[in-house]
Amino acid sequence: MNGRPIALVVDDDPEWQRKVRDRLDAAFASLFEVVCESTGEAALDRLRRHRAALVILDAMLEPDKPQGADVLREIRTDPALQRIPVVMLTGVVGVNDAFRWDADEHVAKHEFERQFAARVDHLLARAATWPFESSADPTLSLFVRNGAPVDTVLGVIEYREQTKEALDVDIEAFKSRGRKAYGPEWHTQARDIGRDLYRDLVKGRPEIAATLRSAFDRARRVNVAGKLDWLEVPLEFLPNLTGRSYFVLHHPFSRSVIEARPERGVAPSISPKLLNDLHRDRRPLRVLLVASDTGGIPKVDQEVESIRAIFVHNTKHLRTEVTVLKTADATLAAVSRELESGAHHIVHYAGHGEFVKQRILEHRLALRGTRDVGVPDYLDKTKLQGLWGEHRPSLFYMSCCRSSASGEQSDLVNNDLLGLMDAALCAGVPSAIGFRWPVSDHGAYDLALAFYDELLKTGRPDHALCAARGRIYRERPEDPAWLSPVLVMQPP
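Along every chain, residues carry numbers that run from 1 in the direction the sequence is written. With pLDDT at 70 or above as the cut-off, local features in this predicted model cover only qualifying residues; side-chain atom pairs require 80 or more to be listed or tallied, and sums for whole chains, interfaces and linings still use all residues. Excluded from the side-chain calculations are hydrogens and water; all other atoms, namely the structure's heavy atoms, are used.

### Re unusual backbone geometry
The line we're drawing: Here a helix means four or more residues in a row that DSSP labels H or I, a strand means two or more in a row labelled E, and each is numbered from the N terminus.
Despite not being glycine, Asp64 shows a phi value in the positive range, around 65 degrees. Looking at where Asp64 falls in the secondary structure, it is placed in the loop between strand E3 (52-58) and helix H3 (68-77). Its identity is not glycine, yet His317 carries a phi of approximately 60 degrees, on the positive side. Inspection of the secondary structure puts His317 in the loop between helix H9 (299-312) and strand E12 (320-325).

### Topic: empty space enclosed by the protein
Spelled out, the test is: Definitions used throughout: a 1 Å grid over protein atoms alone; a cavity as a set of points that fits a 1.4 Å probe which cannot get out; a pocket as an open set with protein on both sides within 12 Å along at least five of seven lines; a lining residue as one with an atom within 4 Å of a point. Grid points are joined across faces, edges and corners, and a volume is the space filled by probe spheres set on the points. Classification convention: Asp, Glu, Lys, Arg as charged; Ala, Val, Leu, Ile, Met, Phe, Trp, Tyr, Cys, Pro as nonpolar; all other residues, Gly among them, as polar.
Under the counting rule described, the total for this entry stands at four cavities of 30 Å³ or more. Here the second largest cavity is characterised by a volume of approximately 50 Å³. Sorting the residues of the lining of the second largest cavity by element identifies helix H10 (332-341), strand E13 (346-355) and strand E14 (363-367) as the ones contributing at least two each. In terms of residue class, the lining of the second largest cavity is built from nine nonpolar, no polar and no charged.

### Quick notes on the pairing of strand E5 (residues 105-108)
Just so we agree on the cut-off: When a residue's accessible area, from a 1.4 Å probe over protein chains only, is under 20% of the maximum for its type it is buried; when over 50% it is exposed; and in between it is partly exposed. Pairing between strands requires that DSSP locate at least two bridges from one strand to the other.
Residues Glu105 and Val107 of E5 are buried on one face, and the alternating residues His106 and Ala108, pointing to the opposite face, are buried as well. Of the pairings in the sheet, the one linking strand E4 (residues 86-90) to E5 comprises four bridges and is parallel in character. Looking across to E5, one finds that Met88 is bridged to His106.

### A look at helix H1 (residues 14-28)
For the record, the criterion: Helices are assigned an expected span. That span is 1.5 Å times one less than the residue count. The arc under discussion is defined with respect to the helix axis, by the directions toward the C-beta atoms. What qualifies as a polar contact is a pair of N or O atoms within 3.5 Å, subject to a donor-acceptor requirement within protein and to the restriction that residues adjacent in sequence count only when both atoms come from side chains.
The end-to-end C-alpha distance of H1 is 20 Å, a good match for the 21 Å that 15 residues give at a rise of 1.5 Å each. All buried positions along H1 are accounted for by Trp16, Gln17, Val20, Leu24 and Phe28. Projected onto a plane normal to the axis of H1, the buried residues spread over an arc of 105 degrees and lie on a single side. Set apart from the buried face of H1 by more than 90 degrees, the exposed residues are Pro14 and Ala26. Capping the start of H1, Asp13 holds a side-chain oxygen 2.9 Å from the backbone nitrogen of Glu15, two or three residues further along.

### Digging into the pairing of strand E11 (residues 285-292)
On any regular strand, side chains alternate: one points to one face of the sheet, the next to the other face. In terms of burial, E11 is a largely internal element, seven of the eight residues being buried. As judged from the six bridges shared by E11 and E12, these two strands associate in the parallel manner. Residue Arg286 lies in a different strand from E12, and its bridge partner there is Glu321.

### Thoughts on the packing of H9 against helix H13 (residues 441-458)
In plain terms, the rule: Axis angles are defined between N-to-C directions and span 0 to 180 degrees, where every axis is a line fitted to C-alpha atoms and, for a helix, only to the segment in contact. Here the angle decides the label: under 35 degrees means roughly parallel, over 145 means roughly antiparallel, 65 to 115 means roughly perpendicular, and every other value means oblique. Throughout, a contact is declared for two residues whenever any of their heavy atoms are within 4.5 Å.
Packing of H9 against H13 brings their axes to within 10 Å, and their N-to-C directions diverge by 10 degrees. Relative to H13, the element H9 is oriented roughly parallel. Taking contact as the criterion, the partners of Lys299, Val300, Gln302, Glu303, Ser306, Ile307, Ile310 and Phe311 in H9 are, on H13, Asp441, His442, Ala444, Tyr445, Ala448, Leu449, Tyr452, Asp453 and Leu456. Across the contact of H9 with H13, the residue classes tally to ten nonpolar, three polar and four charged.

### A closer look at the sheet that holds E4
Read across the sheet, five strands follow the order E2-E1-E3-E4-E5 without closing on themselves; strand pairing throughout is parallel. In the strand order of this sheet, the two ends are held by strand E2 (33-37) and E5, each with one partner. Recorded for the sheet is a direction-independent mean angle of 20 degrees between the axes of neighbouring strands. As paired elements, strand E1 (residues 6-10) and E2 share five bridges and run parallel to each other. Each residue of the ladder has a partner; that of Val10, found in E2, is Glu37. In the packing of H1 onto the sheet, contacts are made with E1, E2, E3 and E4, and the angle to E2 comes to roughly 170 degrees. Strand contacts of H3: E3 and E4, with the helix running at about 170 degrees to E4, the strand carrying the most contacts.

### Considerations on the side chain of Thr39
Take Thr39: it is sitting in the loop between E2 and helix H2 (40-49). Within the structure, the side chain of Thr39 is placed 3.2 Å from the backbone nitrogen of Ala42, a separation counted as a polar contact. Every residue in contact with Thr39, bar those within four places of it in the chain, is listed here: Val10, Glu62 and Lys65.

Now the structure itself:
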């Protein structure tokens, strides 16, 4: 095999093998390599060993051996094979019988010269309609560094501009205000912080404002790239250009960290391309869901079970393999084994996030303890970074609910965000979601379900999070769960 997918011709007549091969080579030579088999057994063995783009199957094979209908039945009942397009060749003059077979197309042999190429072309066009739309609005990227001009880039090469003035933002002041904003007046605090951020980043810089307005005519997606400490600056609080709403409710928004340099490469990002590739190759999207109720958050077990159902019953017919560790099974040893295996594209943790001020490395996730009843074990930044070796997930979602740890409530999740996101990014995880503030058990549940439901519609994490925020905001605008998430998407 030369690496291309195969078009498998199954016919016991050498003359028909030659005829079909010649026509495929003439019309579709660039798409696949044509191979032939004479028996059903050999055909199925070949299909299970090589990636196939098409099967041309004769209805009548050697007597006393599996016939075309038997081979087709095996293809349609094998999850690894069932999406392969099949054209049935039949000698039946009246082709009504062919419709009772579960073939995608049929060609009567006496009409072969007239029908074959057109039917195959039509079938391949249908098969090439992947579940996820690959085209998308280009991303507007802003590169922010204090003491340097702001670079604005649309797409890859469509547009680029640099501000005349250097950026001068009091990062520490905004970080502190963002931490302290959580509380009964969070909405008012967030609005005021967003207004001041807009003043410092945009309003006093007419070239940035003009670039944003121009870019939004062509691109809705925005990514802000900066050093790690910029993650703690609450850019999600920025108003939209009308000043009447929040930017993140209307535009897919993400961050990237320009100084995160993984030593072992980066996993492929969750994207339409990755999901379409999995679909094309009949490989599953692998998901690990971990729930850990170490006190006061009973909804996390329901959260992972509900997310599992979203993946298993997805409307795109994407194959999935979902591993669920509920609280009773989510020990440090069990979770560590799963993470170290590198077997998952998506890792979702639902539980408590904690930060211990006295020990700088103790950004950690709580798991069920195995030594003392009621005393949790912890997956901290150092352990997490060490567990991911050559195979990292494409998305790490930390659904950290309101923590019971000691310390100032405003510090807990905000610091988890930096420590655990930093560990994931430096280990080569390209996308991560964490919460700026503690959120309620109910809020975390609703946001996670909305996010994964939208992700399996578009294949794009930033679009999915924007839509999920909007859902929560429309239903419960008083719930900070829609404003709290931070999404990091590292460039490929």
